[in-house]
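Structural characterization, general
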Amino acid sequence: MLRATQPIPAQPLTPERQHMVQEALTELAADVPAWGRLVRLPVRYARLVTTNGAVSASSRAWPQHVLLAEEAFSSRGELCEQVLHELTHQWLYLIQEIWALQAPTAGTFTLPSGTTGREAAEVLGAALVAATLLRWYRTNSDRQPAGRLRQLGMYGTGCLELLAGRDEEMSDAGRQIARRLKEAL
């Protein structure tokens with residue numbers, strides 16, 4: 001298991017913010033009933049204290065921790081998206097504790113967003129987040145921010161295109177996830 005060498009940049013959420021997170025989890029489970037148990041992964045939610053502009057964060061180095069910046073609480077929809085985004089990463093981190101998703105010799109990639117130095121498993125994670133958010137947004141057309149479906153579809157597809165033809169970079173499990181994501185996107 002990957003462990004952090006630095007403390008988590010977080011502080012406890014206020015009780016009001018904790019309640020908002022619980023309401024967001026309830027809403028996500030209601031929107032996609034199949035996710036009912038999945039969104040109840042035992043995770044500690046905390047306030048992200050950093051000035052790098054991130055709205056939310058999680059890391060394999062901080063298992064079962066989701067960090068939410070104040071901006072994540074700007075609206076109910078934003079909070080739901082950020083919680084779902086980070087829970088998606090958390091589930092992939094859990095899977096990575098069981099199965100490697102990339103070859104030990106895998107190189108690094110630049111995500112379609114321009115983020116550099118990402119491993120193949122992180123590229124899969126970015127595509128998985130896009131596919132998960134697409135599924136959620138498709139459950140309620142009133143919730144969809146203008147152009148968000150298109151943006152997520154292009155981003156997820158772009159991530160998978162980075163891995164196309166680079167099967168040696170991924171493990172069998174990673175290749176299987178990539179194939180499923182291609183179908184979902």
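My aim in this report is to walk through the structure given alongside it, one point at a time. (Residues numbered from 1 in each chain as written. Predicted model: local features only at pLDDT ≥ 70, side-chain atom pairs only at ≥ 80, totals over all residues. Heavy atoms only, no water.)

**Some remarks on the sheet that holds strand E4 (residues 65-68)**
- Pairing in this open sheet of 4 strands is mixed, and the strands run E1-E2-E4-E3 from one edge to the other. Looking along the sheet, the strands with just one partner apiece sit at the ends: strand E1 (10-12) and strand E3 (56-57).
- With 3 bridges joining them, E1 and strand E2 (residues 44-48) adopt antiparallel strand pairing. Its bridge partner lying in E2, Gln11 is registered against Arg47. (Pairing = 2+ DSSP bridges. Helix = DSSP H or I, 4+ residues; strand = E, 2+ residues; numbered from the N terminus.)

**Observations regarding unusual backbone geometry**
- Located in the positive-phi region is Gln64, a residue other than glycine, with phi close to 60°.
- The topology assignment puts Gln64 in the loop between E3 and E4.
- Exposure remark for Gln64: the relative accessible area of 39% places this residue in the partly exposed category. (Buried < 20%, exposed > 50% of the residue type's maximum accessible area, 1.4 Å probe, protein only.)

**Quick look at the packing of aromatic side chains**
- Counted by the stated rule, this structure contains 1 aromatic pair.
- Judged by centre distance (4.7 Å) and plane angle (45°), the ring pair of Trp136 and Tyr137 falls under tilted. (Phe/Tyr/Trp six-rings, centres within 6.5 Å; stacked < 30°, edge-to-face > 60°.)

**Observations regarding the nonpolar core**
- One finds Val21, Tyr45, Leu68, Leu79, Val83 and Leu87 to be the most contacted residues of the largest nonpolar core, which totals 28 residues.
- Of all the elements in the fold, those that place two or more residues in this core are helix H1 (15-31), E4, helix H2 (76-98) and helix H3 (120-138).
- Of all the elements, H3 adds the most residues to this core, at 6 residues.
- Setting aside residues up to four positions removed in sequence, Val83 forms contacts with Leu25, Leu28, Tyr45 and Leu68.
- One finds Leu92, Leu111, Leu124 and Ala126 within the second-largest nonpolar core, a separate group that totals 19 residues. (Core = buried A, V, L, I, M, F, W, Y, C linked by side-chain atoms within 4.5 Å. Contact = heavy atoms within 4.5 Å.)

**Notes on the layout of surface pockets**
- In this structure, the largest pocket spans a volume of roughly 1100 Å³.
- What lines the largest pocket is a set of 34 residues, among which His85, His89, Leu111, Arg118 and Glu122 lie closest to the centre.
- Listed by contribution, the elements that provide at least two residues to the lining of the largest pocket are E3, H2, strand E6 (118-119), H3 and helix H4 (148-163).
- The leading source of residues in the lining of the largest pocket is H2, at 8 residues.
- When the residues that make up the lining of the largest pocket are grouped by side-chain class, the tally is 15 nonpolar, 12 polar and 7 charged.
- Those elements giving two or more residues to the lining of the second largest pocket turn out to be H2, H3 and helix H5 (172-184).
- A breakdown of the residues in the lining of the second largest pocket according to their chemical character gives 15 nonpolar, 2 polar and 4 charged. (1 Å grid on protein atoms, 1.4 Å probe; cavity = no way out; pocket = protein on both sides within 12 Å on 5 of 7 lines; lining within 4 Å. Points joined across faces, edges and corners; volume = space filled by probe spheres on them. Nonpolar A, V, L, I, M, F, W, Y, C, P; charged D, E, K, R; others polar.)

**Describing the environment of Ser56**
- Mapped onto the secondary structure, Ser56 falls in strand E3.
- Classification of Ser56 by relative accessible area gives buried; the value is 11%.
- Distance in space between the C-alpha atoms of Ser56 and Arg44 is 13 Å, their sequence separation being 12 residues.
- Within the local environment of Ser56, its side chain forms a polar contact with the side chain of Gln82, the two groups lying 2.6 Å apart. (Polar contact = N/O pair within 3.5 Å; in protein donor to acceptor, adjacent residues only side chain to side chain.)

**Description of the pairing of E2**
- As judged from the 4 bridges shared by E2 and E4, these two strands associate in the parallel manner. Counted as the bridge partner of Tyr45 is Val66 from E4.

**Let's talk about the side chain of Thr132**
- With respect to the helices and strands, the residue Thr132 is situated in helix H3.
- Overall, the relative accessible area of 14% leaves Thr132 in the buried class.
- A polar contact of 2.8 Å, which involves the side chain of Thr132, links it to the backbone oxygen of Leu128.

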